[in-house]
Amino acid sequence: MKAELTPLKGGPVIPITRDITLIGRQEDLCDVFIDKSSISKLHCLIVRTDGLLFIRDLGSTNGTKVNGQRVVRGALLPGDELSLASEKFRVTMGPADPVVHQQEAHTEVIPVAIPEDRLRLSPETPLPANVPSRSDVKLIEE
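We now turn to the structure provided with this report. For every chain, the first residue of the written sequence is number 1, and numbering continues from 1 onward in sequence order. In view of the model being predicted, local features appear only for residues whose pLDDT reaches at least 70, and side-chain atom pairs are presented and counted only at 80 or more, with totals across whole chains, interfaces and linings using the full set of residues. As a rule here, side-chain values cover all heavy atoms of the structure and leave hydrogens and water aside.

Digging into the pattern of salt bridges
Then step 1. Any Lys or Arg side-chain nitrogen located within 4 Å of an Asp or Glu carboxyl oxygen qualifies as a salt bridge. Under the counting rule described, the total for this entry stands at three salt bridges.
Then step 2. When the shortest N-O distance is used, the salt bridge between glutamate 87 and lysine 9 registers 3.8 Å. Within this pair, whereas glutamate 87 is found in strand β11 (residues 87-94), its partner lysine 9 is found in the loop between β1 (2-7) and β2 (14-15), the two being separated by 78 residues in sequence.
Then step 3. For the exposure calls, accessible area comes from a 1.4 Å probe over protein chains only, and a residue counts as buried if that area is under 20% of its type's maximum, exposed if over 50%, partly exposed in between. Overall, the relative accessible area of 60% leaves lysine 9 in the exposed class.
Then step 4. Where aspartate 31 meets arginine 18, a salt bridge forms, and the shortest distance between an N and an O atom there is 2.6 Å. Remark: arginine 18 occurs in the loop between β2 and β3 (20-24) and aspartate 31 occurs in the loop between β3 and β4 (32-33); sequence separation between them is 13 residues.
Then step 5. On the accessibility criterion, arginine 18 (46% relative accessible area) is partly exposed. Here a helix means four or more residues in a row that DSSP labels H or I, a strand means two or more in a row labelled E, and each is numbered from the N terminus.

Some points on the side chain of serine 83
Then step 1. With respect to the helices and strands, the residue serine 83 is situated in strand β10 (residues 81-84).
Then step 2. Judged by relative accessible area, which is 4%, serine 83 ranks as buried.
Then step 3. What makes two residues a contact is simply this: any of their non-hydrogen atoms within 4.5 Å. Setting aside residues no more than four positions away along its own chain, serine 83 makes contact with Gly63, Thr64, Lys65 and Lys88.

Details of the nonpolar core
Then step 1. With 21 residues, the main nonpolar core has Leu5, Ile46, Ile55, Leu82 and Leu84 as its most contacted residues.
Then step 2. Listed by contribution, the elements that provide at least two residues to this core are β1, β5 (44-49), β6 (52-57), β10 and β11.
Then step 3. Tallying contributions element by element places β11 first for this core, with three residues.
Then step 4. Setting aside residues up to four positions removed in sequence, isoleucine 46 forms contacts with Leu5, Ile16, Asp19, Ile20, Thr21, Ile23, Leu53, Phe54, Ile55, Leu76 and Leu82. Residues belong to one nonpolar core when they are buried, are Ala, Val, Leu, Ile, Met, Phe, Trp, Tyr or Cys, and are joined through side-chain atoms within 4.5 Å.

Focus: the sheet that holds β2
Then step 1. Here the rule is simple: two strands pair whenever DSSP picks up at least two bridges between them. Within the open sheet, the six strands sit side by side as β2-β1-β11-β10-β7-β8. Their pairing is antiparallel. Of all the strands in the sheet, the pair left with one neighbour each is β2 and β8 (69-70).

Some words on a nonpolar patch on the surface
Then step 1. The grouping of Leu29, Leu42 and Leu58 at the surface amounts to a nonpolar patch, some 240 Å² of accessible area in total.
Then step 2. On the secondary structure map, leucine 58 appears in the loop between β6 and β7 (64-66).
Then step 3. Looking at leucine 58, the relative accessible area reads 34%, which means it is partly exposed. By definition, no residue in a patch forms a salt bridge, and every one has over 30% relative accessible area; like charges are joined within 9 Å, nonpolar side chains (Val, Leu, Ile, Met, Phe, Trp, Tyr) within 5 Å. Computed with the Shrake-Rupley method and a 1.4 Å probe, the accessible areas treat only the protein chains shown as cover for residues.

So, the sheet that holds strand β9 (residues 73-76)
Then step 1. Ordered in space as β4-β3-β5-β6-β9, the five strands form an open sheet in which the pairing is mixed. Lying at the two open borders of the sheet, with one neighbouring strand each, are β4 and β9.
Then step 2. In terms of strand pairing, β5 meets β6 through six bridges, oriented antiparallel. For threonine 49, the partnering residue across the bridge sits in β6 and is leucine 52.

This is the structure in structure tokens:
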């Protein structure tokens, strides 16, 4: 999932890439550092889960608002306006950008010793009947 905060006053877009993102004015502790006196040292947390963003205010002096409503905690949806004190952001969410890897195909054969008591199957060998399986994978008969 791709998640970003776009400053409404202009400025660089803030990508939310971590599962837990700490936002505040204390540069050495925060993942997102906002150098404004109205932002608390540890202002809020944004938590990324399966396709969702949640916000939690950390007792900030000037508050955290979602769409103009002061919140202690809540969900963030695409298009929401997030206000941290006087700083306002638009929440953008969507599918992750596709990752393109250009690597040469490589197959490595690793010889593995199979104990004698283990069943050896090849594509030509039919599956024997009534042999109990030690696997937790079950075959479904067609």
